[in-house]
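What follows is each chain in one-letter form.
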Amino acid sequence: MRPVAIIGVGMTPVGEHWDKSVRMLGAEAVQLALADAHLDAVEALYLGNSYGTTFSSQSHLGALVADYAGLGNIEAYAVEAGDASGGAALRTGYLAVASGAVNFAMVVGAEKSSDAIGSSRVEGRNVSLDADFESIHGATLPALAAMIMRRYMYEYGVELSAFEGFSINAHANGKRNSLAMYRNIIKAGAFAKAPFVSDPVNLFDGAPDADGAAAVILAPLEWAMDRVSQPIKIAGSGVATDTLATHDRKDPLYLKAVALSAQKALLQAGKTREEISFLELHDAFTILTTLSLEALGYADRGAGWRMTDKIGLTGELPICTFGGLKSRGNPTGATGVYQAVEATLQLRGQANENQVNNAKSALIQNLGGFATTAITHILETL
């Protein structure tokens, strides 16, 4: 296996793009990444998409985006792992380049959530849950998050207001990000007063579905070191899964896939979690962030919410530095690639107002379902 580097990145603004289709968004991100890498072509394209068939009535998106972006008759296909599809596409591109099968790989994440509205979007999203034992009974991802959050609050005697710091941090960072969907701040005390979506999950808790596309270009590190001014090494890559249905887990308050995928990636990178400069977590819900920090070992069980005073851009462990899913928005299948682009900009020192001081390494983690699939990558400067 040869070392792999990110040599080009691109991303579109996140929001509701009523004037653009999913193919247009994907092609725009492709062209931005090519320009950033000073390349005209790649050998393969791997596209992460979660709900193209249910949101946009479109499958076969790998070939569609490659064609629309003018990449010619290259290898191209889509990768699906629920909301972790972007991370799965990055993993696929990484393995293709690391194995030597491909020298230049384009990894794209693209989603058009606004093609479905209201109940049709909820129904479209439910295909990533257990059809026989969850969604058929009316379960949704916010409802599952609410049940887990309520159990956590009961087990550890935590009030709803304890989680507000995660949303406050996300919006403080998103306010600085010109591509974020929501750039408003959340004031202390407002979180627990927001209208409920599924009690206790509320409007200031869950991340908004969004449209968007992001892309990274991968190449062999040895080639990149001689030709690219700031290649970013993919030092580790790990994937793990848990039960699809949350009720099948022995301990629903422990995200086993989160822990295992991170352990694999850190071991490959030869790093400890203390050596990581910042995290890009899948903060679809504050309870998911809380449990992820605990599973990653940054906090004891029942104490993840206490990390909120350490996670700012100048804190001990910055997280969701461009606003995360909560403020930047959650373009589902593209989210994992957005994380890779944002982490690359941080490590290059190109994050502008969102810059983390002395950023040398990043842990990015993309989750599908309620942490059913966890895909972790460790990125680092040279």
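So, how was this worked out
Along each chain, numbering runs from 1 in the same order as the chain's sequence is written. In keeping with the model being predicted, local features are shown solely for residues with a pLDDT of at least 70 and side-chain atom pairs are shown and tallied solely at 80 or more, while totals for entire chains, interfaces and linings include all residues. In computing side-chain properties, one takes all heavy atoms of the structure into account and sets aside hydrogens as well as water. Definition used for salt bridges: Asp or Glu carboxyl oxygen within 4 Å of a side-chain nitrogen of Lys or Arg. Buried means the residue's accessible area, taken with a 1.4 Å probe over protein chains only, is under 20% of the maximum for its type, while exposed means over 50%, and partly exposed covers the values in between. Secondary structure elements follow DSSP: runs of H or I of four or more residues count as helices, runs of E of two or more count as strands, with numbering from the N terminus. Two residues qualify as a contact provided that any one of their heavy atoms is within 4.5 Å of a heavy atom in the partner residue. Fitted lines through C-alpha atoms give the axes, limited to the stretch in contact for helices. The angle between two N-to-C directions lies from 0 to 180 degrees. For classification, angles of less than 35 degrees are called roughly parallel, those exceeding 145 degrees roughly antiparallel, those between 65 and 115 degrees roughly perpendicular, and all remaining angles oblique. Crossing handedness: left-handed means the near helix sits turned counterclockwise from the far one by under a right angle, and right-handed means the same turn made clockwise. Note on residue classes: Ala, Val, Leu, Ile, Met, Phe, Trp, Tyr, Cys and Pro are nonpolar, Asp, Glu, Lys and Arg are charged, and everything else, Gly too, is polar. One bridge is not enough; two strands pair if DSSP finds at least two bridges between them.

Trainee: Outline the pattern of salt bridges, supporting the account with residue identities and numerical values.
Mentor: Under the criterion given, the structure shown has 13 salt bridges. Residues participating in the shared-partner salt-bridge network are Asp 83, Arg 125 and Asp 209.

Trainee: Can you explain helix α10 (residues 286-295)? Please cite residues and give values.
Mentor: Summarising burial for α10: 10 of the 10 residues are buried, a large majority. Inspection of α10 places Thr 286, Ile 287, Leu 288, Thr 289, Thr 290, Leu 291, Ser 292, Leu 293, Glu 294 and Ala 295 among the buried residues, and these make up the whole buried set. Tucked into the core, α10 has its buried residues touching α6 (141-156), α7 (164-174), α9 (256-269), β9 (278-280) and β10 (361-368). The positive-phi residue at the C-terminal boundary of α10 is Gly 297, with phi of around 90°.

Trainee: For the packing of α6 against α10, give the residues involved together with the corresponding values.
Mentor: At a minimum axis distance of 9 Å, the contact between α6 and α10 shows a crossing angle of 60°. In terms of their interaxial angle, α6 and α10 are classed as oblique. For the element pair α6 and α10, the recorded crossing hand is left-handed. For the pair α6 and α10, the contacting residues are Ala 145, Ile 148, Met 149 and Tyr 152 in the first and Thr 286, Ile 287, Thr 290, Leu 291 and Glu 294 in the second. Residues that form the contact of α6 with α10 fall into these classes: six nonpolar, two polar and one charged.

Trainee: Which residues make up the sheet that holds strand β3 (residues 75-79), and what are the values?
Mentor: Read across the open sheet, the nine strands follow the order β3-β2-β4-β7-β1-β8-β11-β10-β9; overall the sheet is mixed. Taken across any chain shown, the strands that pair with only one partner, and hence form the sheet edges, are β3 and β9. Strand-to-strand, the axes of this sheet are offset by a mean angle of 25°, without reference to chain direction. Of the strand pairs in this sheet, β10 and strand β11 (residues 373-380) are connected by eight bridges, and their pairing is antiparallel. By the bridge assignment for β11, Leu 363 is matched with Ile 378.

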